[in-house]
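Chain and residue survey
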There are 4 protein chains.
Amino acid sequence: MSETQYARKNHGTLIVSGPDQPGLVAGITNLITEAGGNIVSLDQYTTDPQEGSFYQRVVFHRRDLAAAIPDIEASLRRFLEPLGMKFRLTNANVPKRMAILASKSDHCLLDLLWRHRRNELPATVPMVISNHTDVVDDVRSFNIPFFHVPSVAGPDKKESEDKIIELLKGNVDFVVLARYMQVLSDDFLDRVGVPVINIHHSFLPAFIGAGPYRKAKERGVKLIGATAHYVTADLDEGPIIEQDVARVDHSMTANDMQARGAYVEREVLSRAVTWHAEDRVIRDGNHTIVFN
Amino acid sequence: MSETQYARKNHGTLIVSGPDQPGLVAGITNLITEAGGNIVSLDQYTTDPQEGSFYQRVVFHRRDLAAAIPDIEASLRRFLEPLGMKFRLTNANVPKRMAILASKSDHCLLDLLWRHRRNELPATVPMVISNHTDVVDDVRSFNIPFFHVPSVAGPDKKESEDKIIELLKGNVDFVVLARYMQVLSDDFLDRVGVPVINIHHSFLPAFIGAGPYRKAKERGVKLIGATAHYVTADLDEGPIIEQDVARVDHSMTANDMQARGAYVEREVLSRAVTWHAEDRVIRDGNHTIVFN
Amino acid sequence: MSETQYARKNHGTLIVSGPDQPGLVAGITNLITEAGGNIVSLDQYTTDPQEGSFYQRVVFHRRDLAAAIPDIEASLRRFLEPLGMKFRLTNANVPKRMAILASKSDHCLLDLLWRHRRNELPATVPMVISNHTDVVDDVRSFNIPFFHVPSVAGPDKKESEDKIIELLKGNVDFVVLARYMQVLSDDFLDRVGVPVINIHHSFLPAFIGAGPYRKAKERGVKLIGATAHYVTADLDEGPIIEQDVARVDHSMTANDMQARGAYVEREVLSRAVTWHAEDRVIRDGNHTIVFN
Amino acid sequence: MSETQYARKNHGTLIVSGPDQPGLVAGITNLITEAGGNIVSLDQYTTDPQEGSFYQRVVFHRRDLAAAIPDIEASLRRFLEPLGMKFRLTNANVPKRMAILASKSDHCLLDLLWRHRRNELPATVPMVISNHTDVVDDVRSFNIPFFHVPSVAGPDKKESEDKIIELLKGNVDFVVLARYMQVLSDDFLDRVGVPVINIHHSFLPAFIGAGPYRKAKERGVKLIGATAHYVTADLDEGPIIEQDVARVDHSMTANDMQARGAYVEREVLSRAVTWHAEDRVIRDGNHTIVFN
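Everything numeric in this text was worked out from a predicted model, so none of it was measured.

Brief notes about the overall build of chain A
- Within chain A one finds eight helices and 13 strands.
- Against the compact-globule benchmark of 19 Å for 292 residues, chain A has a radius of gyration of 20 Å, which places it among compact chains.
- Over its C-alpha atoms, taken along the principal directions, chain A stretches across nearly 60 × 40 × 40 Å.
- Within chain A, the fraction of its 292 residues that count as buried is 61%.
- Taking the intrachain contacts of chain A between residues at least 6 apart in sequence as the baseline, contacts between residues at least 24 apart amount to 66%.
- A total of about 11000 Å² of accessible surface is found on chain A, and carbon and sulfur atoms cover 49% of it.
- Of the charged side chains in chain A, 33 are positive and 38 negative; the average position of the first set lies 4 Å away from that of the second.

What follows is the structure, encoded as structure tokens:
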């Protein structure tokens, strides 16, 4: 995968998915060629040669891409809609808008903000929201707006979620939970209307729920892990985007594991967020197709 | 870790465990020095500086070790027993006797036999037992005795376990289940009287029980794993010796994962067996201390 | 990468390379569609959106593929030759014929033969040739023909290379050097006429030439590695297909490193050979494009 | 390795090295026991059971350690000096003083500062020195003093090195070059009087000198790496403390490799610095013994 690809001007990224049928790749690539595009990379995956599902990511270069997008989209619609296919065409030059929700821990948050500052993350960060104020100075040192929305237990939980929705609405294309230690309600997920990515501090499906490092120590595992996934109504059960592990040994306490795990968490979350922002991840029910 | 260490002549390996107390390391190492030993490597771990448990592995060199062992053991007993400590002294030159139980799959079995033939595994293999006959030719090509004990479902299961016990009794120091696809009864584990090491084809505690690759595909994980552990009465819950993982992606079927996972399984099991045979693993309840 | 993909019936693999130009992907995929093929996977890579080189691998499914191949090839030739492009169309059902050259070490050789027997390697093995006789029994236990061609130093070296060429000529599609400890002459490489894959027991370009584990110990590295590459006239300088590493520490001797490195070597070579056999590797000067 | 170990009060770390001889471990541990210490962990390594070199790291707990250190040192001197052994006893509670030298890149620098702020690095940071001013705001946001010493080419190079020596002298226990893009003169290394740790952006000994990512792209490697080592008069030839790698592929440019490599560099350097600060690394000629 070329990591600077997204930075190239006049590059479009097209994601297509739906029921597989003969002629799809040819039809789509014809269309791009006729629209003056030159295909730079193409990844395609079909779940089954007979009656499977079709997933494709195409990056193409075209002069004056921004002006041409409406016409290309219209052609794609004429071709793909009758076939029952969905598509999404994005200008790789237009970064996605990403809100980050954090609590007290800074490791995942800071890694995202650094990568963003290094221009390695094709996204803008219109805001960081936290239920605490520990990270405010760090966030603002990156010139990123910070909003404090204290979390409230019990019946008033809705109130704080309302405030978050109000801040996000219309301003962001996806949300990242960078060790945000609050369970979001189903209602929140319904209303937020954009993908939400979470980092769980274990190798899912091992150690679902709270205290995974403590549970890892109790079970005596020899590797700890982290999992980035899209958030769904089922806690820690959403589609997995990326996972990784680190070696531990008998001498490490649960706190030692937590300290070491932090470096796996930030790496896994940053990778997942980068791939999402680069339109490399397609959701397929509770699975993901990751073209990287 | 020096992998050829075990091959050295006149090397003793001493394992000590028990309640920590001041003077243990000094006392033990004095004893070895007075017995004419020179300490080659020493690993020590204490769970807590106050009131913790003490674990130690010492490798020492001594001329004419074999003849001196009874005296060294007697001194150790005099020093350690009053302190409530346990110890085990072995001559690194005397290989442990290892029985391997297998079914139809050959990957873990062959890796062990091949490492054994390369003199990388400080163990002899007095027998391979299988409930199938698929691997008989392979096993005998290594000049290892093969016994076929068909497994029987239901009430006659005990009969086949009896046959296995009969073959093992007095002939082996530990047993390795190299993808042996039968659950051993609690009664068998009680009677066998030696440690039993199993390889589970998942990253425990994820995907306990049957069909872990199918479950991994269903959950959409991005890494698959394998776990070597001592067998206890609780299926897949015994003390973990070693684990490792391999990367998978959306395009792989459960069968593809199984094929790739086989290479993780054989590697993880071979490492765990080598460490066990080199007296590098100490059981501590449901945990292991691995000095490697 | 789907590892069982190659086993599917009626799957064709098309490799195309040459100067990039608009319309290539569309033209090629049109052609496959018109020929009744359904594209199962497509990987494409262009070195530069302007004036770069174009590399593509397409796997497609078509009923009665074998009968249709001549027509598809003719269409491809008509389209691609005027554009200065090269292509190679293979039936994934027709395994490549692989000769293995070995010396005394068996680890890489046996791993290839095992994977072949497990149907994980889409290749046949018409022969193993060795300059020693250590591995003859192992090879024949896999029902693979073995030929002993002793190596001769000095002026008679040509004679033994002649014998090898005689055995290979017309019988194999590629050659694997599985720790074959002879340097092949430029003349041999010219005459053999098929790709030759070698495994070097270091992380190239570190430790070129003989004795890499000894050199690794001398330099005090913390990781050792292995490199699979196509053989060219420049020793250890050919295009790299795959590399991997393993951790070592201060306590390991050069022999310990060699023992551990063997497991990296066999894994790296087996992966490289599998990818080559699956037509996933394209040579591009001294580089490789690996679609996996 | 327990990562929080260093934080424990009243823990002493003793490093001993020299010619191996019988009774060393016993003698040293006796001494610690007699001084009221309880051994928490002990790592020992002997290069050869006959006439080898002996290396040992002991962590022990003792009430009122600080007050007792002079007496313990005196006893150690009486025992070890006649045997030709060297030792170093440190109070794990007293952090080492670390100066960081940086240039324009911030990834290694920030990772160290951040780990320091998280109390994961048992060191203080009395100063960051840079030949540029790019990182000044970041450094000061961590409340760390920053000094700008522009580098001068040619005959005035000595002048800027003099200024650095002046700042460091007496104020630091070791120096970290966190992607400091100046070659330090032999004279500087002689005068600085404390260990200097560097991070090289390749898997040494591959790609010594400038431009390793460009060279890696040219050679077509499939893994890139980073190496932390002590600096000696021979550029990139000093004793290696730690190395690691990351996977790359054909589609990545040298710039892509550099971007990905940055994350390996920061991880490798942070690990090496932590181990050095925890007295886990012993230099042995051009090798290191790392007890971790």
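Quick look at the sheet that holds strand β8 (residues 174–177) of chain B
Residue and element names in this part refer to chain B.
- Sheet architecture is open: seven strands sit in the order β7-β6-β5-β8-β9-β10-β11, paired in mixed fashion. Each of the sheet's edge strands pairs with one partner strand only, and the pair in question is β7 (146–148) and β11 (240–247). If you compare each strand with its neighbour and ignore which way they point, the axes differ by 20° on average.
- Judged from the seven bridges that link them, strand β10 (residues 223–230) and β11 form a sheet pairing that is antiparallel. What sits directly across from Ala226, in β11, is Asp244.
- Across the sheet, helix α3 (residues 107–117) lies against β5 (96–102), β6 (123–130), β8 and β9 (196–200), angled at about 155° from β6, the strand it touches most.
- Sitting on the sheet, helix α5 (residues 157–168) touches β5, β6, β7 and β8, and the angle it makes with β6 is about 160°.

Focus: the interface of chain B and chain A
- Residue-level contacts link 32 residues of chain B with 32 residues of chain A.
- Interface area for chain B against chain A, summed over the two sides, is near 2700 Å², with a carbon-plus-sulfur share of 56%.
- If you sort the residues of chain B by the area they bury against chain A, Arg219, Lys222 and His250 of chain B come out on top, with a joint share of 28%.
- On the surface where chain B and chain A come into contact, there are six salt bridges.
- Its salt-bridge partner being Arg219 of chain A, residue Glu237 of chain B comes within 3.7 Å of it at the nearest N-O pair.
- Linking chain B with chain A are 22 residue pairs in polar contact (both at pLDDT 80 or more).
- Sorting the residues of the side of chain B that touches chain A by element identifies α7 (212–219), β11 and β13 (287–290) of chain B as the ones contributing at least two each.
- Residue contributions to the side of chain B that touches chain A peak at seven residues, all from β11 of chain B.
- The residue makeup of the side of chain B that touches chain A, split by class, is 14 nonpolar, eight polar and ten charged.

Looking at the pattern of salt bridges
- In total, this model carries 88 salt bridges over all chains according to the counting rule given.
- Salt-bridge contacts for Asp187 of chain B lead to Arg191 of chain B; the nearest nitrogen and oxygen are separated by 3.1 Å. Linking Asp187 of chain B with Arg191 of chain B, this pair stays in helix α6 (residues 186–192), spanning four residues, or about one helical turn.
- Here Arg115 of chain D makes a salt bridge to Asp111 of chain D, at a shortest N to O gap of 3.0 Å. With Arg115 of chain D and Asp111 of chain D both in helix α3 (residues 107–117) and four residues apart, this pair spans about one turn of that helix.

Let's talk about α3 of chain B
Residues and elements named next belong to chain B.
- Of all eleven residues making up α3, nine are buried, and the element is well covered by its neighbours.
- Residues of α3 that are buried include every one of His107, Cys108, Leu109, Leu110, Asp111, Leu112, Leu113, Trp114 and Arg115, and no others.
- Of the residues one or two after α3, Asn119 is the one with positive phi, at around 65°.

Some details on the relation of the copies chain D and chain A
- Each copy superposes on the other: chain D lies on chain A with an RMSD of 0.0 Å after a rotation of 180° and an axial shift of 0.0 Å. Such a combination of rotation and displacement between the chain copies is what one expects of a two-fold axis. By C-alpha distance to the rotation axis, the residue of chain D lying nearest is Ser141 of chain D, at 4.0 Å.

Observations regarding the sheet that holds strand β8 (residues 174–178) of chain C
All names here are of chain C.
- Taken in spatial order, the seven strands of this open sheet run β7-β6-β5-β8-β9-β10-β11, and their pairing is mixed. This sheet does not close on itself; its edge strands, each paired only once, are β7 (146–148) and β11 (240–247). Between one strand axis and the next, the sheet turns through 20° on average, direction left out of account.
- Pairing between strand β5 (residues 96–102) and β8: five bridges, direction parallel. Paired with Ile100 across the strands is Val176, a residue of β8.

Some remarks on unusual backbone geometry
- In this chain, Leu204 of chain B is followed by Pro205 of chain B through a cis amide linkage whose omega measures 10°.
- Looking at where Pro205 of chain B falls in the secondary structure, it is placed in the loop between β9 and α7.
- A positive phi angle, close to 65°, is found at Asp236 of chain A, a residue other than glycine.
- Residue Asp279 of chain D is not a glycine yet carries a positive backbone phi of 55°.
- Looking at where Asp279 of chain D falls in the secondary structure, it is placed in the loop between α8 (254–277) and β12 (281–284).

Some points on helix α7 (residues 212–219) of chain C
- Those residues of α7 of chain C that sit buried are Pro212, Tyr213, Ala216 and Arg219 of chain C. Projected down its long axis, α7 of chain C shows its buried positions confined to an angular sector of 125°, all on one face.
- Buried residues along α7 of chain C sit against β9 (196–200), β10 (223–230) and α8 (254–277) of chain C together with β11 (240–247) and β13 (287–290) of chain D.
- Positive phi appears at Gly220 of chain C, one or two residues downstream of α7 of chain C, with a value of about 75°.

Observations concerning the relation of the copies chain B and chain A
- Of the two same-sequence chains, chain B is brought onto chain A (RMSD 0.0 Å, axial shift 0.0 Å) by a rotation of 180°.
- Most of the interface of chain B is mirrored in chain A, where 100% of its interface residues are also at the interface.

Remarks on the interface of chain D and chain A
- Each partner contributes residues to the interface: chain D has 24 residues there, and chain A has 25 residues.
- Together, the buried faces of chain D and chain A total about 2400 Å²; carbon and sulfur atoms form 37% of this surface.
- Along the contact surface separating chain D from chain A lie eight salt bridges.
- In this assembly, chain D and chain A are joined by eleven residue pairs in polar contact (both at pLDDT 80 or more).
- Put simply, the parts of the chain that give the side of chain D that touches chain A at least two residues each are α3 and α8 of chain D.
- For the side of chain D that touches chain A, the element with the highest residue contribution is α8 of chain D, accounting for seven residues.
- Split into classes, the residues belonging to the side of chain D that touches chain A amount to seven nonpolar, four polar and 13 charged.

Focus: the pairing of strand β12 (residues 281–284) of chain C
Residues and elements named next belong to chain C.
- Across four bridges, the pairing between β12 and strand β13 (residues 287–290) is antiparallel. What sits directly across from Arg283, in β13, is Thr288.
- Joining the antiparallel neighbours β12 and β13 is a turn of two residues, in which Gly285 adopts a positive phi near 60°.

Rules of the game
Residues numbered from 1 in each chain as written. Chains lettered and ligands numbered in written order. Predicted model: local features only at pLDDT ≥ 70, side-chain atom pairs only at ≥ 80, totals over all residues. Heavy atoms only, no water. Helix = DSSP H or I, 4+ residues; strand = E, 2+ residues; numbered from the N terminus. Rg over C-alpha atoms; globule rule 2.2 N^0.38 Å. Buried < 20%, exposed > 50% of the residue type's maximum accessible area, 1.4 Å probe, protein only. Contact = heavy atoms within 4.5 Å. Areas by Shrake-Rupley, 256 points an atom, 1.4 Å probe, with all protein chains shown as cover. Lys, Arg positive; Asp, Glu negative; His and termini not counted. Charge placed at Lys NZ, Arg CZ, Asp CG, Glu CD. Pairing = 2+ DSSP bridges. Axes fitted to C-alpha atoms, helices over the stretch in contact; angles between N-to-C directions. Buried area = accessible area lost by both parts, 1.4 Å probe. Salt bridge = Lys/Arg side-chain N within 4 Å of Asp/Glu carboxyl O. Polar contact = N/O pair within 3.5 Å; in protein donor to acceptor, adjacent residues only side chain to side chain. Nonpolar A, V, L, I, M, F, W, Y, C, P; charged D, E, K, R; others polar. Least-squares fit on C-alpha atoms with pLDDT ≥ 70 in both. Arc of directions from axis to C-beta.

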